[in-house]
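# Observations on chain architecture
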Amino acid sequence: MINNEGQNVDLYIPRKCSATNRLIHAKDRASVQLNIGHVDANGVFTGDCTVMALSGFVRSLGDADAAVDRIWLKTFEAAGKSI
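The following refers to the structure shown. (Residues numbered from 1 in each chain as written. Predicted model: local features only at pLDDT ≥ 70, side-chain atom pairs only at ≥ 80, totals over all residues. Heavy atoms only, no water.)

### A look at the side chain of D28
Formally: Segments assigned H or I by DSSP are reported as helices when at least four residues long, segments assigned E as strands when at least two residues long, and all are numbered from the N terminus. The rule is simple: take the accessible area with a 1.4 Å probe, protein chains only, and divide by the maximum for that residue type; under 20% is buried, over 50% is exposed, in between is partly exposed. The charge count includes Lys and Arg as positive and Asp and Glu as negative, but it does not include His or the ends of the chains. For salt bridges, the criterion is a side-chain nitrogen of Lys or Arg within 4 Å of an Asp or Glu carboxyl oxygen. Whenever a nitrogen or oxygen atom comes within 3.5 Å of another N or O atom, the pair is scored as a polar contact, on the condition that within protein one atom can donate a hydrogen and the other can accept it, and that pairs from neighbouring residues in sequence are kept only if both atoms are in side chains. Note on contacts: a residue pair is in contact if any heavy atoms of the two residues lie within 4.5 Å.
Within the secondary structure, D28 is located in the loop between β2 (23-24) and β3 (32-39). As a buried residue without a salt bridge, D28 has its nearest oppositely charged side chain in R15, at a separation of 6.8 Å. Looking at D28, its side chain comes within polar contact range of the main-chain nitrogen of A30, at 3.3 Å. Sequence-distant contacts of D28, defined by excluding residues within four places in its chain, comprise S55 and G56.

If you want it as structure tokens, here you go:
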């Protein structure tokens with residue numbers, strides 16, 4: 001919920017799994033959030049990052065590495081860059 005000043009006042013904002021779009025509930029102890037930093041052509045961190053959240057369900061299937069690969073390629077292509 002947002003107050004009159006435009007600030008978020010919710011106590012808990014649930015995350016969504018980047019691979020399955022399922023909500024990650026508060027008791028999911030196996031879930032992880034990855035912040036992947038962006039670098040320029042010289043390899044210097046630009047201050048931007050891409051956030052990926054993976055649920056415990058995806059990790060328990062052993063599909064986390066393939067999911068991160070798939071999501072990263074989709075994000076990379078959406079930015080208009082080639083590998």
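Anyway, onward from the coordinates.
### Quick notes on the packing of aromatic side chains
To be explicit about the condition: Put simply, two rings from Phe, Tyr or Trp (the six-membered ring, in Trp's case) pair if the centres are within 6.5 Å, and we call them stacked under 30 degrees between planes, edge-to-face over 60, tilted for the rest. A ring is considered to have a charge above it if a Lys NZ or an Arg CZ atom is located within 6 Å of its centre and within 35 degrees of its normal.
What the rule picks out here adds up to 0 aromatic pairs. Sitting over the ring of F57, R22 keeps its end group 4.1 Å from the ring centre.

### Describing the pairing of strand β4 (residues 45-54)
Using the following cut-off: Note: two strands are recorded as paired if DSSP finds a minimum of 2 bridges between them.
The pairing of β3 with β4 spans 7 bridges and is classified as antiparallel. In the sheet register, V39 faces β4, and the bridge partner there is F45. Here β3 folds back onto β4 in antiparallel fashion, the turn holding 5 residues, of which G43 has a positive phi close to 85 degrees.

### Concerning the environment of V9
One can find V9 in the segment before β1 (15-16). Residue classification places V9 among the partly exposed residues on the basis of a relative accessible area of 41%. With 14 residues separating them along the chain, V9 and L23 place their C-alpha atoms 20 Å apart. Those residues in contact with V9 that lie beyond four places of it in its chain are M1 and N3.

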